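# Understanding the architecture of this molecule
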Amino acid sequence: MSEAAPLRRAALGAGRYFGAAVRADQLAGDDRLRAVLLRDCSVITPEIHLKWDAVEPAPGAWRHGAADDLVAFGKDHGIQVRGHTLIWEQSTPRWARERLLHDRDWALVDRWFGAVLPRYRDAIRQWDVVNEPIDTEHGDGGMRRTSFQRAFGNDYVERALRAAHAQAPAAALYINDYSFDYANPVDAARRTALLRLIERLKRRDVPIHGIGLQAHLDLAKGALDEAGLGRFLREVAGFGLEIAVTELDVRESDRRAPLPLRDRRVADAVAAYLGVVLAEPAVKGVITWGLSDRDSWLQDQDSRNRTDLAGLNRGLPYDALLGRKPMYWTIRQAFAEARAIA
Ligand code: G3I
């Protein structure tokens, strides 16, 4: 692979894709980000624009513009767009949560799906239908207590997948969730709970095609459970599902260490994670949750958009000035090594 080979080409060499989450406002205002994205990504995920609270902040006040812009950008440049996300408690507008709980009428969900699924039928081939349904600590049978869960019971996941399939029959439908990665009882229980959910869905012939691993890595959480994670991925694949790493980034635990050490720790965590994940053939691609530290959701509110490089969390492939960091080269290397064993 040449020194200049971008991530999307490295990924392709391993039969995978590489992409990043992006916001339409960032892309519109920054030619350098745009160039970097075009160089490295074959997939983009709108970071916020396809969420219910962004598309319909008030009943009937439809705002499709930002998502339309990203979809048009993808079409112009041959970049796939991932649909994120139809059902997520945190991105459901308050008015809709209240109505769901009051009326318990699935028609409201169908109406919301109908506003986005047909609109992007040709452009978006993969949707996170349900985001973050698992909660083994405070949930009900491992399922997070949400407005949807309270209104329709735990079967809301099945209903959502069937409803999405009816409106977008060709789309790959995903459940997307976090914290399956580390050697602790909570992550282990979450892996088991997700596998049980998949089992129930498959037994009832529910249209589900993939699992999204958010992969928000956290340096304070200690060692990855490499064996447990690898086993979990094999079991997911055993159900006939594909897998994607959908939101990769790294939360640092010590921002006072020298920058080279900090960047090395981040890169090592990514290398360890991708080493396990890319060994599983069902894993089809890797998406980072942003490209530049400048735009990361992990920044404290007051440090976002600053150019004080040391003050920022450094958990994405590019620094705040769009310089490539060790994490970038590590991702590239992980794809190269995955190709070697493929
Ligand atoms: O754009 C508005 C702005 O107009 C307004 O003045 C401002 C006031 O709060 O809010 C701005 O919107 C914020 C938006 O990010 C853009 O910065 C929202 O409040 C804020 O809630 C939103 O946060 C996003 C969050 O999801 C909720 O949608 C984060 O950027 C995004 O990174 C995060 O992504 C989630 C994934 O979808 C699911 N997995 C976890 C991940 C991290 O939380």
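Just so you know, these numbers come straight off a predicted model, no measurement behind them.

### Some remarks on the overall build of the protein
Each helix and strand counted, the protein has 13 helices and 9 strands in total. Against the 2.2 N^0.38 benchmark of 20 Å for 342 residues, the protein shows a C-alpha radius of gyration of 19 Å, consistent with a compact globule. C-alpha atoms of the protein, sized along the principal axes, occupy 55 × 45 × 35 Å. Out of the 342 residues in the protein, the part that is buried amounts to 56%. Here the contacts in the protein between residues at least 6 apart in sequence split such that 79% fall between residues at least 24 apart. On the protein, roughly 14,100 Å² of surface is accessible, and the fraction owed to carbon and sulfur atoms is 48%. Computing the positive centroid from 49 side-chain charges and the negative centroid from 48, the protein places the two 2 Å apart.

### Some words on the pairing of strand 9 (residues 283-288)
Within strand 9, 5 of the 6 residues are buried, which leaves the element mostly enclosed by the surrounding structure. As paired strands, strand 1 (residues 17-22) and strand 9 are joined by 4 bridges and run parallel to one another. Paired with Ala20 across the strands is Thr288, a residue of strand 9. Bridge count between strand 8 (residues 242-251) and strand 9: 4 bridges; the pairing is parallel. Note on strand 9: the bridge partner recorded for Leu248 is Thr288. Crossover handedness for the path strand 8 to helix 12 (residues 259-277) to strand 9: right-handed.

### Regarding the site of the ligand
Close to the ligand lie 13 residues, the nearest being Glu47, Lys51, His84, Glu247 and Trp289. Taking Glu247, its side chain carries an N or O atom lying 2.7 Å from a nitrogen atom of the ligand. Burial of the ligand by the protein amounts to 51% of the accessible area it has alone, namely 780 Å².

### Some words on the packing of aromatic side chains
Considering all chains together, one arrives at 7 aromatic pairs under this definition. Residues Tyr318 and Tyr328 carry aromatic rings whose centres are separated by 5.4 Å and whose planes lie at 70 degrees to one another, so their mutual orientation is edge-to-face. In this pair, Tyr318 sits in the loop between strand 9 and helix 13 (326-341) while Tyr328 sits in helix 13, placing the two residues 10 residues apart along the sequence. Residue Tyr318 is classed as buried on the basis of its relative accessible area of 1%. In this structure, Arg190 packs its charged tip against the face of Tyr178, placed 4.4 Å from the ring centre. In this arrangement the basic side chain of Arg324 is found over the ring face of Tyr328, its NZ or CZ atom lying 5.1 Å from the centre.

### Here's the deal with the pattern of salt bridges
A complete count under the given rule lists 20 salt bridges for this structure. Note that Asp68 is salt-bridged to Arg119, the shortest N-O span being 2.7 Å. Taken together, the residues span a long stretch of sequence, with Asp68 in helix 5 (residues 65-77) and Arg119 in the loop between helix 7 (107-116) and strand 4 (124-131) at a distance of 51 residues. Of the residues examined, Asp68 reaches a relative accessible area of 26% and is grouped as partly exposed.

### Some words on helix 9 (residues 156-167)
Taking 1.5 Å of rise per residue, the 12 residues of helix 9 would be expected to cover 16 Å, and the 16 Å separating its terminal C-alpha atoms lies within 8% of that figure. Every buried residue of helix 9 is accounted for by Tyr156, Val157, Glu158, Ala160, Leu161, Ala163, Ala164 and Gln167.

### Focus on the environment of Thr45
Position of Thr45 relative to the elements: it lies in strand 2 (residues 43-46). For Thr45, a relative accessible area of 1% gives the class buried. Residues Thr45 and Gly153, 108 residues apart in the sequence, show an inter-C-alpha distance of 29 Å. If we ignore the near neighbours within four places in the chain, the residues touching Thr45 are Ala20, Ala21, Val22, Arg82, His84, Ile287 and Trp289.

### Thoughts on the confidence of the model for the protein
Of all residues in the protein, 96% attain a pLDDT of 70 or more, and the chain-wide mean is 96. Of all secondary-structure elements in the protein, the lowest mean pLDDT belongs to helix 13, at 92, while strand 5 (residues 172-177) reaches the highest, 99.

### Points about the pairing of strand 1
Among the 6 residues in strand 1, 6 count as buried, and that is most of the element. With 4 bridges joining them, strand 1 and strand 2 adopt parallel strand pairing. What sits directly across from Ala20, in strand 2, is Ile44.

Criteria and cut-off values
- Each chain has its residues counted from 1, following the order in which its sequence is written.
- Per-residue local features are limited, in this predicted model, to residues with pLDDT of at least 70; the limit for side-chain atom pairs, both in listing and counting, is 80 or more; totals at the level of whole chains, interfaces and linings are taken over all residues.
- Derived side-chain values reflect all non-hydrogen atoms in the structure, with water molecules and hydrogen atoms excluded from consideration.
- Helix numbers and strand numbers start at the N terminus; a helix is a DSSP run of H or I with at least 4 residues, a strand a run of E with at least 2.
- Throughout, the radius of gyration refers to the C-alpha atoms, and the reference size of a globule is 2.2 Å times the residue count to the power 0.38.
- Each residue is assigned to one of three classes by its accessible area relative to the maximum for its type, calculated with a 1.4 Å probe on protein chains only: buried under 20%, partly exposed between the two thresholds, exposed over 50%.
- Throughout, a residue-residue contact means that at least one pair of heavy atoms, one from each residue, lies within 4.5 Å.
- Areas reported as accessible are Shrake-Rupley estimates using a 1.4 Å probe. Residue values count occlusion only from the protein chains shown.
- None of His or the chain ends enter the tally, which takes Lys and Arg as positive and Asp and Glu as negative.
- Note on charges: their place is set at NZ of Lys, CZ of Arg, CG of Asp or CD of Glu.
- At least two bridges found by DSSP between two strands is the condition for calling them paired.
- The handedness rule is simple: strands pointing away from the viewer, and a clockwise path from the first strand over the helix to the second, make the crossover right-handed.
- For this description, a residue counts as near a given molecule or strand if any of its non-hydrogen atoms is within 4 Å of it.
- Identification of polar contacts relies on pairs of N or O atoms within 3.5 Å, with a donor-acceptor requirement for protein atoms, meaning one able to donate a hydrogen and the other able to accept it, and with residues adjacent in sequence counted only if both atoms are side-chain atoms.
- Aromatic contacts are taken between Phe, Tyr and Trp rings whose centres are within 6.5 Å, Trp giving its six-membered ring; a plane angle under 30 degrees counts as stacked, one over 60 as edge-to-face, and the others as tilted.
- A ring has a charge above it when a Lys NZ or an Arg CZ is no more than 6 Å from the ring centre and no more than 35 degrees off the ring normal.
- We define a salt bridge as a side-chain nitrogen of Lys or Arg found within 4 Å of a carboxyl oxygen belonging to Asp or Glu.
- The span you would expect from a helix comes to 1.5 Å times its residue count less one.
- Per-residue confidence from the predictor is reported as pLDDT, which spans 0 to 100.

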